[in-house]
Amino acid sequence: MQTLDRKRKLDQNIIRKLYHGVPCKDPTRESFLKRLKTYNVFNWSGKPVDPPQCARQGWEIAEKDVLKCVMCHQFLSVTLPSPSKHLPYKEACSKLRSRLASAHSKFCLYSTDPLPDSVLEIDHLSNMELQDTIQQQLLAFKNIEVLYHITSSKEEVIEIFDWFMETFTVPDINLSSFILVLTGWNFLKDDMLLQCDYCNRKWSIEPYLIQKNTVEKSDSTRPTVDPVGQHQRWCAWRAEERGWKSRLLQLQQLKESRSREKRSRLNSSVCGSLPDNMKAVRKLLNGTL
Ligand SMILES: [Zn+2]
Ligand SMILES: [Zn+2]
């Protein structure tokens, strides 16, 4: 019965994904992200290994300076000597790196089989999922505008923003909101917080808001936010190649393929309106007659 239930659930998920373009959660990635959420600046700072590497090898935080494997339930102490004691510190760091694999019990899968590199990247979505995800996230940002700066690709982002707004229906969305979504932020409107699903960082949007219809200080004296720099140093969204820019690239490819489709539809409709004798000539030239 349980197997049947599981199968039914799986089928429903696949149907949802195929017919509604709703993202289907990958349980392996979901449990990785759950482990990653146990790490924060209070229990994991100054360590030589970043949280994604530990979570990838099955470890979550049990308490400060103690990790626990979610599969074999072994514990691993990660207390380090002071960095001022150069040699002992260096040795302890190197031991910690190797213990991430060797501290598991003999038959634990994580001892030999950490998760693939892809978990260190942002979530890979199909085009349909991407479009749906961005639309859903944008809805929370209605009428929100912030002062922001991004250090690169600004022109490309503006081009994609114009195209996205023209192609998909999402009313009252400002460019700055689109940039926040594109760089990995979900808006928790009730608390006015932005949150990253990967590094779990949360920050308040309020200092950066542009209030309409009020007398405001000039923009030059108000704080601007760097959406990419707000992520934790090790967050997948910050990665140069495979972070937020990979999502921008996917949108650029989607835009390109949509305009190709449009052009070919236009060509075929022009062809459809030709008189029969012209169609015959075209077919002859194409070798299909
Ligand atoms: Zn284990
Ligand atoms: Zn992040």
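Numbering of residues starts from 1 in every chain and runs along the sequence as written. To read the labels, note that chains go from A and ligands from 1, taken in the order they are written. At least 70 in pLDDT is required for a residue's local features to be given in this predicted model, at least 80 for side-chain atom pairs to be given and counted, and no such filter applies to totals for whole chains, interfaces and linings, which use all residues. Side-chain figures throughout are based on the complete set of non-hydrogen atoms in the structure, without hydrogens or water.

A. Representation of the packing of helix α6 (residues 127–139) against helix α8 (residues 175–182) in the model. Angles here are taken between N-to-C directions and fall from 0 to 180 degrees, while the axes themselves are lines fitted to C-alpha atoms, restricted in helices to the stretch in contact. In this text, helices come from DSSP runs of H or I with a minimum length of four residues, and strands from runs of E with a minimum of two, each type numbered from the N-terminal end. Running from N to C, α6 and α8 point in directions that differ by 125 degrees, and their axes come no closer than 10 Å. By the angle between their directions, the pair α6 and α8 is classed as oblique. Where α6 crosses over α8, the two elements pack in a sense that is right-handed. From α6, I134, Q137 and L138 reach across to α8, where they touch S177, F178 and V181. Charged residues are taken to be Asp, Glu, Lys and Arg, nonpolar residues to be Ala, Val, Leu, Ile, Met, Phe, Trp, Tyr, Cys and Pro, and polar residues to be all remaining types, Gly included. Here the residues of the contact of α6 with α8 sort into 4 nonpolar, 2 polar and no charged. Throughout, the term roughly parallel applies to angles under 35 degrees, roughly antiparallel to angles over 145, roughly perpendicular to angles from 65 to 115, and oblique to all others. Take the far helix as the reference: if the near one is turned anticlockwise from it by less than a right angle, the crossing is left-handed, and if turned clockwise, right-handed. In what follows, residue pairs with any heavy atoms lying within 4.5 Å of each other are defined as contacts.

B. View of the environment of T167. With respect to the helices and strands, the residue T167 is situated in helix α7 (residues 154–167). Overall, T167 belongs to the partly exposed group, its relative accessible area being 33%. In sequence terms T167 and R258 are 91 residues apart; their C-alpha atoms lie 9.8 Å from each other. Buried, partly exposed and exposed residues are distinguished by accessible area as a fraction of the type maximum, computed with a 1.4 Å probe on protein chains only: under 20%, between the cut-offs, and over 50%, respectively.

C. The coordination of the zinc ion (ligand 2), seen in detail. Any N, O or S atom lying within 2.8 Å of the metal counts as a donor, with the limit raised to 3.2 Å for Na, K and Ca; because water is left out of the atom set, some sites can appear incomplete. Here the zinc ion (ligand 2) is held by the protein donor atoms C196 (SG), C199 (SG), H231 (ND1) and C235 (SG), which lie 2.1 to 2.4 Å from it. Just to be clear on the cut-offs, tetrahedral is four donors with all angles between 85 and 135 degrees, square planar is four donors and octahedral six with opposite donors over 155 degrees apart and all others between 65 and 115, and anything else goes down as irregular. Each of the 4 donor atoms around the zinc ion (ligand 2) contributes to a set of angles spanning 101 to 122 degrees, which defines the coordination as tetrahedral. Sequence spacing among the residues donating to the zinc ion (ligand 2) works out to C-x2-C-x31-H-x3-C. Of this pair, C196 sits in the loop between β5 (193–195) and β6 (202–204) while C235 sits in the loop between β6 and α9 (244–272), and the two are 39 residues apart along the sequence.

D. Local environment of a nonpolar patch on the surface. Patch construction takes residues with relative accessible area above 30% that form no salt bridge. Like charges are linked within 9 Å, and nonpolar side chains (Val, Leu, Ile, Met, Phe, Trp, Tyr) are linked within 5 Å. Only the protein chains shown count as cover for residues, and all accessible areas are computed by the Shrake-Rupley method using a 1.4 Å probe. Each reported salt bridge corresponds to a side-chain nitrogen of Lys or Arg within 4 Å of a carboxyl oxygen of Asp or Glu. A surface patch of nonpolar side chains, about 250 Å² in accessible area, is lined by V70, M71 and L109. With respect to the element layout, M71 can be found in the loop between β2 (66–69) and β3 (75–77). For M71, a relative accessible area of 42% corresponds to the partly exposed category.

E. A look at helix α2 (residues 27–36). Buried residues of α2: R29, F32, L33, R35 and L36, and no others. All buried residues of α2 fall inside an arc of 160 degrees around its axis, so they share one side. Facing away from the buried surface of α2 by more than 90 degrees, the exposed residues are P27 and K34. Against the buried residues of α2 lie α3 (51–56), β1 (59–63) and α5 (109–112). Residue D26 occupies the N-cap position of α2, its side-chain oxygen lying 3.0 Å from the main-chain nitrogen of T28. The directions considered for the arc run from the helix axis to the C-beta atoms. Side-chain atoms alone can form a polar contact between residues adjacent in sequence; in general such a contact is a pair of N or O atoms within 3.5 Å, and within protein one must be able to donate a hydrogen while the other accepts it.

F. Examining the sheet that holds strand β4 (residues 186–188) more closely. Ordered in space as β4-β5-β6, the 3 strands form an open sheet in which the pairing is antiparallel. Every interior strand has two partners, whereas the edge strands, β4 and β6, have only one. Adjacent strand axes in the sheet meet at a mean angle of 30 degrees when their direction is disregarded. Sheet topology places β4 next to β5; 3 bridges connect them, and they run antiparallel. Paired with L188 across the two strands is L193, which belongs to β5. When DSSP finds two or more bridges between a pair of strands, those strands are recorded as paired.

G. Representation of the side chain of S153 in the model. The residue S153 is located in the loop between α6 and α7 in this model. The exposure class assigned to S153 is buried, which follows from its relative accessible area of 17%. Setting aside residues no more than four positions away along its own chain, S153 makes contact with W244, K245 and L248.

H. Representation of the sheet that holds β2 within the structure. The 3 strands are arranged β1-β2-β3 in an open sheet whose pairing can be described as antiparallel. In the strand order of this sheet, the two ends are held by β1 and β3, each with one partner. Adjacent strand axes in the sheet meet at a mean angle of 35 degrees, parallel and antiparallel pairs treated alike. Pairing between β1 and β2: 4 bridges, direction antiparallel. Note on β2: the bridge partner recorded for W59 is C69.

I. Main features of the coordination of the zinc ion (ligand 1). Within the protein, C69 (SG), C72 (SG), H104 (ND1) and C108 (SG) serve as the donor atoms for the zinc ion (ligand 1), at 2.1 to 2.3 Å. Classification of the site at the zinc ion (ligand 1) as tetrahedral follows from its 4 donor atoms and the range of 100 to 116 degrees in their angles at the metal. Summarised as a motif, the one-chain spacing of the donors to the zinc ion (ligand 1) is C-x2-C-x31-H-x3-C. Of this pair, C72 sits in the loop between β2 and β3 while C108 sits in the loop between α4 (86–102) and α5, and the two are 36 residues apart along the sequence. Note on C72: relative accessible area 16%, which makes it buried. Accessibility expressed as a relative area gives 4% for C108, which makes it buried.

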